[in-house]
Amino acid sequence: MGSILNPYVSFNGNAREAMEFYQSVLGGELNVMTFGESGVPDAPAEQVMHAQLTSAAGYTVMASDTPPGMPYEPGQNIAISLSGDDGDELRGYFEGLAAGGSVNIPLERQMWGDEFGALVDRFGIGWMVNISSGQSPGASPGA
């Protein structure tokens, strides 16, 4: 396998809930290890030390709860991008992730020809969805 790029998100005690929500939207396999299972001292045993969601579409999201003594800054330097040409699938992800959150940019055709939208989910994480038009800038239909 070559290199992959994926987000890693820190939460403040609700990583399991967030990852289960993402799994309900994106599908796939979720693996979770708690601080208690890994033997980390002075950390809440039930909180998540590491979680990884791998979807059938090839998306990977990793997360953890913020360990004691480390600062928690929700969603401030992270956005997760989903892109491709399967409009129905990507529109479904956008709608699912928007549930309980707020849409910053509605998912609609943009000046570059693709459909694009941005939102913040109910956990404060920013998401961008881009559906490729399959045309390069300036190309005419049928070109």
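Residues numbered from 1 in each chain as written. Predicted model: local features only at pLDDT ≥ 70, side-chain atom pairs only at ≥ 80, totals over all residues. Heavy atoms only, no water.

Take the side chain of Asp65 next. Tracing the backbone shows Asp65 in strand S4 (residues 60-65). A polar contact of 3.1 Å, which involves the side chain of Asp65, links it to the backbone nitrogen of Asn14. Reaching out from Asp65, the side chain makes a polar contact with the backbone nitrogen of Ala15 at a distance of 3.0 Å. The contact partners of Asp65, leaving out residues within four places of it in the chain, are Phe11, Asn12, Gly13, Asn14, Ala15, Phe35, Gln47 and Val48. (Helix = DSSP H or I, 4+ residues; strand = E, 2+ residues; numbered from the N terminus. Polar contact = N/O pair within 3.5 Å; in protein donor to acceptor, adjacent residues only side chain to side chain. Contact = heavy atoms within 4.5 Å.)

What follows is about the nonpolar core. Counting residues in hydrophobic clusters, the biggest one holds 30 residues, and the most contacted among them are Phe11, Met19, Tyr22, Leu82, Leu97 and Trp127. Broken down by secondary-structure element, the contributors of at least two residues to this core are strand S1 (8-11), helix H1 (15-26), strand S3 (48-54), S4, strand S5 (79-84), helix H3 (87-98) and strand S8 (126-131). In terms of residues, this core owes the most to one element, H1, which gives seven residues. Three or more residues apiece are contributed to this core by two domains, here domain 1 (8-65) and domain 2 (80-131). Setting aside residues no more than four positions away along its own chain, Leu82 makes contact with Leu26, Tyr59, Leu90, Tyr93, Leu97, Trp127, Met128, Val129 and Asn130. (Core = buried A, V, L, I, M, F, W, Y, C linked by side-chain atoms within 4.5 Å. Buried < 20%, exposed > 50% of the residue type's maximum accessible area, 1.4 Å probe, protein only. Domains from an automatic or database assignment.)

Reading across from one edge, S5-S8-S7-S6 is the order of the four strands in this open sheet, with mixed pairing throughout. What marks the edges here is a single partner per strand, and that holds for S5 and strand S6 (102-109). With strand direction ignored, the average angle separating the axes of adjacent strands in the sheet is 10 degrees. Looking at chain direction, S6 and strand S7 (residues 115-120) are connected through five bridges and run antiparallel. Paired with Val103 across the bridge in S7 is Leu119. The sheet strands contacting H3 are S5, S6, S7 and S8, and the helix crosses S8 at an angle near 160 degrees. (Pairing = 2+ DSSP bridges. Axes fitted to C-alpha atoms, helices over the stretch in contact; angles between N-to-C directions.)

What follows deals with the packing of H1 against H3. Relative to each other, H1 and H3 sit at 150 degrees, their axes nearing to 9 Å. In terms of orientation, H1 and H3 fall into the roughly antiparallel class. Judged by the sense of rotation from one axis to the other, the crossing of H1 with H3 is right-handed. On the side of H1, the interface is formed by Phe21, Tyr22, Val25 and Leu26, while H3 contributes Tyr93, Gly96 and Leu97. Grouping the amino acids of the contact of H1 with H3 by side-chain chemistry returns six nonpolar, one polar and no charged. (Parallel < 35°, antiparallel > 145°, perpendicular 65-115°, else oblique. Left-handed = near helix turned anticlockwise from the far one by under 90°. Nonpolar A, V, L, I, M, F, W, Y, C, P; charged D, E, K, R; others polar.)

The next thing to look at is H3. Residue pairs spaced three or four apart in an α-helix point in one direction, given the helix's 3.6 residues per turn. The end-to-end C-alpha distance of H3 is 16 Å, a good match for the 16 Å that twelve residues give at a rise of 1.5 Å each. Once H3 finishes, Gly100 follows within two positions and takes phi at roughly 80 degrees, a positive value. (Expected span 1.5 Å × (residues − 1).)

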